[in-house]
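# Geometric and topological summary
Listed below, chain by chain, are the residues.
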There are 2 protein chains.
Amino acid sequence: MPNDHPPANPGEPTTVEAVRERLVAVTGGLPKRLRQCADYVAQNLDRIAVSTVADIAAGADVPPSAVIRFCQLLGFSGYSDMQRLFRDAYSPGWPNYATRLENLKSGPSGSPRAMVAEFIEAGRMSLEKLAQSLDDAALEQAVATLAGAGTIHVVGFRRAYPVASYLAYVLAKMEVPAILHHGAGHLDQRFALRPGDAMLAITFAPYSDETLALAAAARAAGLAVVGLTDTAASPLSRSANTLLTVTEVDFGAFRSLSATIALAISLAVAVGTARR
Amino acid sequence: MPNDHPPANPGEPTTVEAVRERLVAVTGGLPKRLRQCADYVAQNLDRIAVSTVADIAAGADVPPSAVIRFCQLLGFSGYSDMQRLFRDAYSPGWPNYATRLENLKSGPSGSPRAMVAEFIEAGRMSLEKLAQSLDDAALEQAVATLAGAGTIHVVGFRRAYPVASYLAYVLAKMEVPAILHHGAGHLDQRFALRPGDAMLAITFAPYSDETLALAAAARAAGLAVVGLTDTAASPLSRSANTLLTVTEVDFGAFRSLSATIALAISLAVAVGTARR
DNA sequence: AGGATTTTGGAATATTTGTTCCACAGGGTC
DNA sequence: GACCCTGTGGAACAAATATTCCAAAATCCT
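The structure contained in this document is the topic of the report that follows. (Residues numbered from 1 in each chain as written. Chains lettered and ligands numbered in written order. Predicted model: local features only at pLDDT ≥ 70, side-chain atom pairs only at ≥ 80, totals over all residues. Heavy atoms only, no water.)

### Let's talk about the pairing of strand E4 (residues 224-229) of chain B
Residues and elements named next belong to chain B. Basically, it comes down to this: Under the scheme applied here, a residue whose accessible area is under 20% of the maximum for its type counts as buried, over 50% as exposed, and between as partly exposed, the area being computed with a 1.4 Å probe on protein chains only. Under the scheme used here, helices are H or I runs from DSSP no shorter than 4 residues and strands are E runs no shorter than 2 residues, and both carry numbers assigned from the N terminus. Strands are labelled as partners when DSSP assigns at least two bridges between them. The crossover handedness rule: strands pointing away from the viewer, path from first strand over the helix to second strand clockwise, crossover right-handed.
With five of its six residues buried, E4 lies for the most part within the structure. One ladder, built from five bridges, connects strand E3 (residues 198-202) with E4; its direction is parallel. Pairing of Ile-202 across the sheet is with Leu-228, part of E4. In this view, the connection linking E3 to its parallel neighbour E4 by way of helix H10 (residues 209-220) has right-handed handedness. Relative to strand E5 (residues 242-245), E4 runs parallel, the two being bridged by four bridges.

Listed below in structure tokens is the structure:
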């Protein structure tokens, strides 16, 4: 991810840590108002991302202009400049995503190399987001449910199918009784759902009707349903006892699936281990 | 920071939780643009506090005014109003990726979340490695080959099957004539290989005999064969005109597939684009 | 198909927010 | 006490951001 803020002053801190250090270094022999700023900022570093100059000024009990001066003292060009650092740091590499897409569309129309770079980036971001937003409790519950079930019915069509098939592969390798439901032959597989079984249904927007229908059928038959989807608002939530959500950053029309697969394998391995 | 916002609309959510619920409630029978907003917002709740309307709009790929309308639909008077809620609630649990990963790993080893952390790590490393070691020339050549072919035969079994199926999905979406060869019915599919077609074969150690056999048959029939495998020494190199290699870091017995999939989609998208 | 209704995009406008600048206050020096 | 020099506040200005509004497009009913 190339730096999109090219003209960084020399001496301008580029990480939150650097700001913290600069703050310590500078605090000493500072005029009254600037010292107030330093103190307040030091104690409220985490609120800079969401505060206006006026907020900070009020908090430090100084006029806004003093805050700006203070930022400049730290090496920034102004408050906005400093704030950007904190906003970006909150979760690295977010903005300008739309811009990059534009660039790619307009640029030397996506050399394969550039495309790979974009998908790598999307994958990396997805993984980071997963690390941040994973719902431990739901995961534990999903593992418990699937570990205690008879046969595990894995369902996923379209873009979810690769995930479903890998899941089925891993479960099979771990000698867990699992069945991958694919559309082959257009059989009605509802009657394969036996009491005591569990279903692991995977679908992302735009949600596949077949998957939703199978999940609903499973639920109606009294099976435990674990859903793997993209948002809590997914229609899958109606059928699922346990819902795991994973946000995949997609580039162009296609998702990288990195995060989804990471979560899926973990789930499978954990279930396999738990069933020993 | 006391609450200085006396005139709260009736029906206006007052907690982040309430927003989430409202989001779920409202998602359904929403016009296109508003739904895009809903989806994006649902997946990026945590960024609202630090984003401008323009950011959100760009992310959801809608004009700014749609975002405002969406906020009003949620019960707020506008974006600022909604943002205030998130800013007040904002407390960066330092979602710093590295720290968060540490936390995840900190669980009892073998716990599901520790496992997720490991797979995330493996995925990230794989992606990084891909970025470094990608062979541009081979990629260009692969794209050229596949873009110039008639039908593309995608082959991959076992752990390569998820990749193959995703590849087939993406190619289909891009309206490229592609066939996914799976073992269903154990048919002998060699005779489907027609002159002018190309094969995209995927296999990793331990290499699948079926894949190797199909690739060899394709080569014998004069088709161009693009191989996607793990090392240049792979037996696939005997049949492949062009060989793409991708090293996947695996955790335990299973690979994350992140890098493989990133490369595969890029290839598919590049081919799809080139065929226009 | 035709008319009513909803949805949409974007230009115009309003508002908020950030920044600059300058006149002035205070405190130290000769 | 006059002179500088640093620090200060706030008014004026500039930039960004949010919001409204309306004509055009799409969609939904007969």
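### Observations regarding the protein's contact with DNA strand D
Here is the rule: Any residue with a heavy atom lying within 4 Å of a molecule or strand is counted as near it. Under this definition, polar contacts are N or O atom pairs within 3.5 Å; protein pairs additionally need one hydrogen-donor-capable and one acceptor-capable atom, and for neighbouring residues in sequence, both atoms have to be side-chain atoms. We call Asp, Glu, Lys and Arg charged. Ala, Val, Leu, Ile, Met, Phe, Trp, Tyr, Cys and Pro are nonpolar, and the rest, Gly among them, are polar.
Of all residues adjacent to DNA strand D, which total 15 residues, the nearest are A:Arg33, B:Val53, B:Gln72, B:Tyr79 and B:Ser80. Put simply, 72% of the atoms of DNA strand D that lie within 4 Å of the protein are in sugar or phosphate. Between DNA strand D and the protein, one listed contact pairs a phosphate oxygen with a side-chain N or O atom of A:Arg33 at 2.2 Å. One nitrogen or oxygen atom from the side chain of A:Ser65 is found 3.1 Å from a base oxygen belonging to DNA strand D. Elements supplying a minimum of two residues to the surface near DNA strand D: helix H2 (32-43) and helix H4 (64-74) of chain A together with helix H3 (53-60), helix H4 (64-74) and helix H5 (79-89) of chain B. Among the elements that line the surface near DNA strand D, the one with the most residues is H4(B), at three residues. Looking at the surface near DNA strand D, its residues break down into six nonpolar, six polar and three charged.

### Section: the layout of surface pockets
All names here are of chain B. As a reminder, the rule being used: The way it works is a 1 Å grid over only the protein atoms, where trapped points that fit a 1.4 Å probe form a cavity and open points with protein on both sides within 12 Å along at least five of seven lines form a pocket, and then any residue with an atom within 4 Å of a point lines it. Grid points are joined across faces, edges and corners, and a volume is the space filled by probe spheres set on the points.
Empty space within the second largest pocket amounts to approximately 930 Å³. For the lining of the second largest pocket, the element with the highest residue contribution is helix H1 (residues 16-26), accounting for five residues. Considered class by class, the residues forming the lining of the second largest pocket number 16 nonpolar, nine polar and eight charged.

### Focus on the pattern of salt bridges
All names here are of chain A. Note the threshold: Salt bridges are defined by distance alone: a side-chain nitrogen of Lys or Arg within 4 Å of a carboxyl oxygen of Asp or Glu.
On inspection of all chains with the given rule, the structure shows 11 salt bridges over all chains. Between Glu-121 and Arg-124 there is a salt bridge, with the nearest N and O atoms lying 3.2 Å from each other. Of this pair, Glu-121 and Arg-124 both sit in helix H7 (residues 112-133), separated by three residues, roughly a single helical turn. Grouping residues by exposure puts Glu-121 and Arg-124 together as buried. When salt bridges that share partners are traced, they join Glu-121, Arg-124 and Glu-128 into one network.

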